Amino acid sequence: MSKLKVPVTSDDHIQGDKRAPITLIEYGDYECPHCGHAYPIVKRVQKHFGDRLMFIFRNFPLREIHPNAENAAEAAEFAAAHERFWEMHDKIFENQSDLSLPMLLELAKTLRLSVPDLRNALTARQYASRVRDDFLGGVRSGVNGTPTFFINGDRHDGPFEFEDLVAALEARAE
Amino acid sequence: MPDILTPGTKAPDFSLHVTPDQKLALSELRGNPVILAFYPADFSPVCGDQMALYNEILPEFKKYGAELLGISVDGVWCHEEFTKNRHLHFPLLADFEPKGDTARKYGAYRHEDGFCERALFVIDKNGTIRWSYRSPVAVNPGADGILQALEELPK
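Scoring rules and cut-offs
- Residues numbered from 1 in each chain as written.
- Chains lettered and ligands numbered in written order.
- Predicted model: local features only at pLDDT ≥ 70, side-chain atom pairs only at ≥ 80, totals over all residues.
- Heavy atoms only, no water.
- Helix = DSSP H or I, 4+ residues; strand = E, 2+ residues; numbered from the N terminus.
- Rg over C-alpha atoms; globule rule 2.2 N^0.38 Å.
- Buried < 20%, exposed > 50% of the residue type's maximum accessible area, 1.4 Å probe, protein only.
- Contact = heavy atoms within 4.5 Å.
- Buried area = accessible area lost by both parts, 1.4 Å probe.
- Salt bridge = Lys/Arg side-chain N within 4 Å of Asp/Glu carboxyl O.
- Polar contact = N/O pair within 3.5 Å; in protein donor to acceptor, adjacent residues only side chain to side chain.
- Axes fitted to C-alpha atoms, helices over the stretch in contact; angles between N-to-C directions.
- Parallel < 35°, antiparallel > 145°, perpendicular 65-115°, else oblique.
- Left-handed = near helix turned anticlockwise from the far one by under 90°.
- Nonpolar A, V, L, I, M, F, W, Y, C, P; charged D, E, K, R; others polar.
- 1 Å grid on protein atoms, 1.4 Å probe; cavity = no way out; pocket = protein on both sides within 12 Å on 5 of 7 lines; lining within 4 Å.
- Points joined across faces, edges and corners; volume = space filled by probe spheres on them.
- Phe/Tyr/Trp six-rings, centres within 6.5 Å; stacked < 30°, edge-to-face > 60°.
- Lys NZ or Arg CZ within 6 Å of the ring centre and 35° of its normal.
- Pairing = 2+ DSSP bridges.

Engineer: What am I meant to see in the overall build of chain B here?
Structural biologist: Each helix and strand counted, chain B has 4 helices and 9 strands in total. Each helix and strand of chain B, ordered N terminal to C terminal, gives the series β-β-β-α-β-α-β-α-β-β-β-β-α. For chain B, the C-alpha radius of gyration of 14 Å lies close to 15 Å, the compact-globule estimate for 155 residues. Along the longest, intermediate and shortest principal axes, the C-alpha atoms of chain B span 35 × 30 × 30 Å. Each of the 155 residues in chain B was classed as buried or not, and the buried ones make up 55%. By sequence separation, contacts in chain B at least 24 residues apart represent 66% of the contacts at least 6 residues apart.

Listed below in structure tokens is the structure:
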């Protein structure tokens, strides 16, 4: 079984209690339809477990097949630099059908983030290395597609419908 | 089920079509590490399937000077379409005639199904297998094993 090689640190995007007994990490691609499918499921899972679960999102853009995935990931990292990561993460998934540059800028605007700053950051590829680090860490950990989930450090091989994830997480919580 | 070839074995040579009018032989790549990725079929209904994933990781493989070859029993025309569809930047070899002949030599052919195993081989620059792995057909093995094997190759 593939194991997570990059431990969770304060650089990660974390939701939930850091002392929670269960850690769920998603390596995801904002333009991947399967990740879009998983997005509301993860929300339900978080609600279901409450403070027993810590959730972490890491970038794994498949740039060759999803031309907007990299930009979307960098836009979310830009938002993170302004303490708005999760809002941007959510908005991007909720608008997954159009992740063009104008749309990403529009999303930034609705979060009252600076549109010119985001445009510049994307042009300068300011957050590309951060996204690449996530990606390479994922590769080393055995990420084999998107989304790939790790539960307490072990890769979750199998379906990720609500019931599947809850069962897999419960099994690890004991 | 036959076992796949294990580390220490000389990698059997082969010469397979990589385009309709071009063949590629393993021996032509001598001097560089080679990654052989046998896989069941070109089109599978997921994004980030095994070949699309390796395509994204190609720059990492290149850091070790390694050449990646995908091999399935699909024909060259099918490979061509798949390559275009997934924007693949590495060659796909057609183990098409006699069907699965190369896969058989590596112990990576599923006789009951008539297609290749999901089997990975890392071959050193002298043509010796240094690492091999067979994944259940339904599980994409990712690339962590390949990268670790490349890292451990003698320089």
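Read on for the rest.
Engineer: What's the story with helix α3 (residues 85-94) of chain A in this structure? I'm lost.
Structural biologist: An α-helical segment advances 3.6 residues per turn. Residues three or four places apart therefore align on the same side. Among the 10 residues in α3(A), 7 count as buried, and that is most of the element. Within α3(A) the residues assigned to the buried category are A:F85, A:W86, A:M88, A:H89, A:D90, A:I92 and A:F93.

Engineer: Teacher, can you tell me more about the interface of chain A and chain B here?
Structural biologist: How big an interface is tends to be expressed through the accessible area that disappears when the partners come together. The interface is formed by 24 residues belonging to chain A together with 24 residues belonging to chain B. For the chain A and chain B pair, buried surface summed over both sides reaches about 1,700 Å², with 54% attributable to carbon and sulfur atoms. Along the contact surface separating chain A from chain B lie 2 salt bridges. At the surface where chain A touches chain B, the tally comes to 8 residue pairs in polar contact (both at pLDDT 80 or more).

Engineer: When you look at the environment of B:E117 in this model, what are you seeing that I'm missing?
Structural biologist: All names here are of chain B. Inspection of the secondary structure puts E117 in the loop between β7 (115-116) and β8 (118-123). You can call E117 buried: its relative accessible area is 1%. Side chain to side chain, E117 and R110 meet in a polar contact 3.2 Å long.

Engineer: Which parts of the structure should I look at to understand the packing of helix α2 (residues 69-81) of chain A against α3(A)?
Structural biologist: Packed helices, taken two at a time, are described by the angle their axes make and the gap between the axes. Residue and element names in this part refer to chain A. Running from N to C, α2 and α3 point in directions that differ by 155 degrees, and their axes come no closer than 7 Å. As the angle between them shows, α2 and α3 are arranged roughly antiparallel. Between α2 and α3 the crossing geometry is right-handed. Here A72, A75, A76, E77, A79 and A80 of α2 come into contact with α3, specifically with F85, M88 and I92. Split by residue class, the contact of α2 with α3 holds 8 nonpolar, no polar and 1 charged.

Engineer: Even after reading the chapter, I still don't get the layout of surface pockets, so can you show me in this structure?
Structural biologist: Any empty space left between the atoms is revealed when a probe the size of a water molecule rolls over them. Residue and element names in this part refer to chain B. Size it by volume and the second largest pocket reaches roughly 270 Å³. Elements with a minimum of two residues in the lining of the second largest pocket: β9 (129-135) and α4 (144-151). Here the residues of the lining of the second largest pocket are counted per class, giving 9 nonpolar, 4 polar and 5 charged.

Engineer: Whenever I open this one, the packing of aromatic side chains confuses me. Can you help?
Structural biologist: Counting across every chain of the model gives 19 aromatic pairs over all chains. For the pair A:F57 and A:F85, a centre-to-centre distance of 6.4 Å together with 40 degrees between the ring planes defines the contact as tilted. Of this pair, A:F57 sits in strand β3 (residues 53-59) while A:F85 sits in helix α3, placing them 28 residues apart in sequence. Judged by relative accessible area, which is 0%, A:F57 ranks as buried. For A:F85, a relative accessible area of 5% gives the class buried. By way of ring pairs, the aromatic residues A:Y30, A:Y39, A:F55, A:F57, A:F85, A:W86 and A:F93 are connected into one cluster. The residue whose ring lies beneath A:R44 is A:F162, and the NZ or CZ to ring-centre distance is 3.8 Å. Over the ring of B:Y109 we find B:R104; its NZ or CZ atom is 4.2 Å from the centre of that ring.

Engineer: Is there a simple way to explain unusual backbone geometry in this structure?
Structural biologist: Outside of glycine, negative phi angles account for most residues, and trans bonds account for most peptide bonds. For the bond from A:T146 to A:P147, the omega torsion is -5 degrees, close enough to zero to count as cis. By the secondary structure assignment, A:P147 is in the loop between α6 (128-141) and β4 (148-151). Of note, the amide linkage connecting B:E97 to B:P98 takes the cis form, showing an omega dihedral of -10 degrees. We note that A:R112 has phi near 60 degrees; this positive angle belongs to a residue other than glycine. Inspection of the secondary structure assignment puts A:R112 in the loop between α4 (101-110) and α5 (115-123). Judged by relative accessible area, A:R112 falls into the exposed class, the value being 78%. The backbone of A:R125 shows a phi angle near 55 degrees, a positive value even though the residue is not glycine. Within the secondary structure, A:R125 sits in the loop between α5 and α6.

Engineer: I'm lost on the sheet that holds β3(A) in this one. Help?
Structural biologist: Paired through backbone hydrogen bonds, the strands of a sheet run either parallel or antiparallel to each other. All names here are of chain A. Spatially, 5 strands are ordered β1-β3-β2-β4-β5 in an open sheet, and the strand pairing comes out mixed. Among the strands making up the open sheet, the edge pair consists of β1 (13-16) and β5 (154-156). Neighbour to neighbour, the strand axes of the sheet diverge by 25 degrees on average, direction disregarded. Sheet topology places β4 next to β5; 3 bridges connect them, and they run antiparallel. Counted as the bridge partner of F149 is H156 from β5.

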